[in-house]
Amino acid sequence: MIQAILVFNNHGKPRLVRFYQHFPEEIQQQIVRETFHLVLKRDDNICNFLEGGSLIGGSDYKLIYRHYATLYFVFCVDSSESELGILDLIQVFVETLDKCFENVCELDLIFHMDKVHYILQEVVMGGMVLETNMNEIVAQIEAQNRLEKSEGGLSAAPARAVSAVKNINLPEIPRNINIGDLNIKVPNLSQFV
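Residues numbered from 1 in each chain as written. Predicted model: local features only at pLDDT ≥ 70, side-chain atom pairs only at ≥ 80, totals over all residues. Heavy atoms only, no water.

Novice: Help me understand the pairing of strand E2 (residues 14-19) in this model?
Specialist: Successive residues of a regular strand alternate their side chains across the two faces of the sheet. In this structure, strand E1 (residues 2-9) lies alongside E2, joined through five bridges in antiparallel fashion. The residue bridging Leu6 from the neighbouring strand is Val17, located in E2. Counted between consecutive antiparallel strands, the loop separating E1 from E2 contains four residues, among which Gly12 sits at a positive phi close to 90°. (Pairing = 2+ DSSP bridges. Helix = DSSP H or I, 4+ residues; strand = E, 2+ residues; numbered from the N terminus.)

Structural data, given as structure tokens:
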């Protein structure tokens, strides 16, 4: 099972952090730092598998990583996962990001975090691999994009909410709301309608 997915740049700044096991925030930050230092000190010619750090389970866990340009993609897995299978999964994830962002870079991960998380959820959910077919993943992302465009996107949600409230046909606007001991006086809102 996948315990964590970490993506950080060459300077150790996390760009994507997803834990599938609960850790307090301080421990998560220590895990990211320790993982970065373990991966950074390895030469590019060395194997991409290493024993997990002391914070995330030691010898029972493995860190499997790939280094692309300025980003490290690190998957922390337990001993039941195949190292080569996870390397292939990292490749699928990166190629999917590349297709969705047209030549993905670190800034895409920063400014489109919601889309990156959605792509990751199409690949891995709850620490289990859901999909490895890149064409299927991209098709789901494109379907999500079409749905967002047809609904006006998330940026139009506040405007839709205001228009829905304006279109509510109440016979009389309540002036006082009483809930138990709580008494709320509602101001006159006719000037806004």
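Novice: I tried to follow the side chain of Asp78 on my own but got confused; where do I start?
Specialist: If you trace the backbone, Asp78 turns up in strand E5 (residues 71-78). One polar contact links Asp78 to Ser80, side chain to side chain, over a distance of 2.6 Å. For Asp78, the residues in contact, after removing those within four places along its chain, are Met1, Gln3, Asp60, Tyr61 and Lys62. (Polar contact = N/O pair within 3.5 Å; in protein donor to acceptor, adjacent residues only side chain to side chain. Contact = heavy atoms within 4.5 Å.)

Novice: Where do I start with helix H1 (residues 25-40) in this structure?
Specialist: Think of an α-helix as turning once every 3.6 residues; residues three or four places apart then point the same way. With 16 residues, H1 should reach 22 Å at 1.5 Å per residue; the first-to-last C-alpha distance of 22 Å fits that figure. Restricting attention to buried positions, one finds in H1 the residues Ile31, Val32, Thr35, Phe36, Leu38 and Val39. End-on view of H1: buried residues confined to an arc of 165°, all on one side of the axis. Contacts from the buried residues of H1 go to E1, E2, strand E3 (49-51), strand E4 (61-68) and E5. (Expected span 1.5 Å × (residues − 1). Buried < 20%, exposed > 50% of the residue type's maximum accessible area, 1.4 Å probe, protein only. Arc of directions from axis to C-beta.)

Novice: Just checking my understanding: could you explain unusual backbone geometry for this structure?
Specialist: Note: most residues except glycine have negative phi, and most peptide bonds are trans. Here Ala69, not a glycine, exhibits a phi torsion of approximately 50°, which is positive. The residue Ala69 is located in the loop between E4 and E5 in this model. The phi angle at Glu102 is positive, at roughly 50°, despite the residue not being glycine. Mapped onto the secondary structure, Glu102 falls in the loop between helix H2 (83-101) and helix H3 (106-111). According to the relative accessible area criterion, Glu102 is exposed, its value standing at 66%.

Novice: Any chance you could explain the nonpolar core here in plain terms?
Specialist: Core analysis: the largest hydrophobic core is formed by 29 residues, its most contacted members being Ile2, Phe73, Phe75, Ile86, Ile90 and Phe93. Within the residue set of this core, elements represented by two or more residues are E1, E4, E5, H2, helix H4 (113-123) and helix H5 (134-150). When residues of this core are assigned to their parent elements, the largest contribution, ten residues, is made by H2. With sequence-adjacent residues up to four places away left out, Phe73 is seen in contact with Leu6, Val7, Ile64, Tyr65, Arg66, Tyr68, Ile90, Phe93, Val94 and Leu97. (Core = buried A, V, L, I, M, F, W, Y, C linked by side-chain atoms within 4.5 Å.)

Novice: Just checking my understanding: could you explain the environment of Glu131 for this structure?
Specialist: Along the chain, the position of Glu131 falls in the loop between strand E7 (128-129) and H5. Glu131 sits 38 residues away from Phe93 along the chain, and the two C-alpha atoms are 10.0 Å apart. Only 3.1 Å separates the side chain of Glu131 from the backbone nitrogen of Asn133, close enough to count as a polar contact.

Novice: Mind showing me how you'd approach the pattern of salt bridges here?
Specialist: Between side chains of opposite charge, pairing is possible as soon as their charged atoms come close. Summed over the entire model, instances satisfying the criterion amount to two salt bridges. The partner of Arg15 in a salt bridge is Glu106, with the nearest N and O atoms 2.7 Å apart. With a gap of 91 residues between them, Arg15 in strand E2 and Glu106 in helix H3 connect regions that are remote in the sequence. Grouping residues by exposure puts Arg15 and Glu106 together as buried. (Salt bridge = Lys/Arg side-chain N within 4 Å of Asp/Glu carboxyl O.)

Novice: What's the story with the packing of aromatic side chains in this structure? I'm lost.
Specialist: We describe a pair of aromatic rings using the distance from one ring centre to the other and the angle between the two ring planes. Tallying each qualifying case throughout the model produces five aromatic pairs. Taking 5.6 Å as the distance between ring centres and 70° as the angle between the ring planes, the aromatic pair formed by Phe19 and Phe23 counts as edge-to-face. A residue is classified by how much of its surface remains accessible, and Phe19, at 15% relative accessible area, is buried. Owing to a relative accessible area of 11%, Phe23 belongs among the buried residues under this scheme. With 6.1 Å between their ring centres and 80° between their planes, Phe73 and Phe93 make a pair best called edge-to-face. In this pair, Phe73 sits in strand E5 while Phe93 sits in helix H2, placing the two residues 20 residues apart along the sequence. Grouping residues by exposure puts Phe73 and Phe93 together as buried. Taken together through their ring pairs, the aromatic side chains of Phe8, Phe36 and Tyr72 make up a single cluster. Lys115 extends its terminal NZ or CZ atom over the ring of Phe101, reaching a point 5.2 Å from the ring centre. (Phe/Tyr/Trp six-rings, centres within 6.5 Å; stacked < 30°, edge-to-face > 60°. Lys NZ or Arg CZ within 6 Å of the ring centre and 35° of its normal.)

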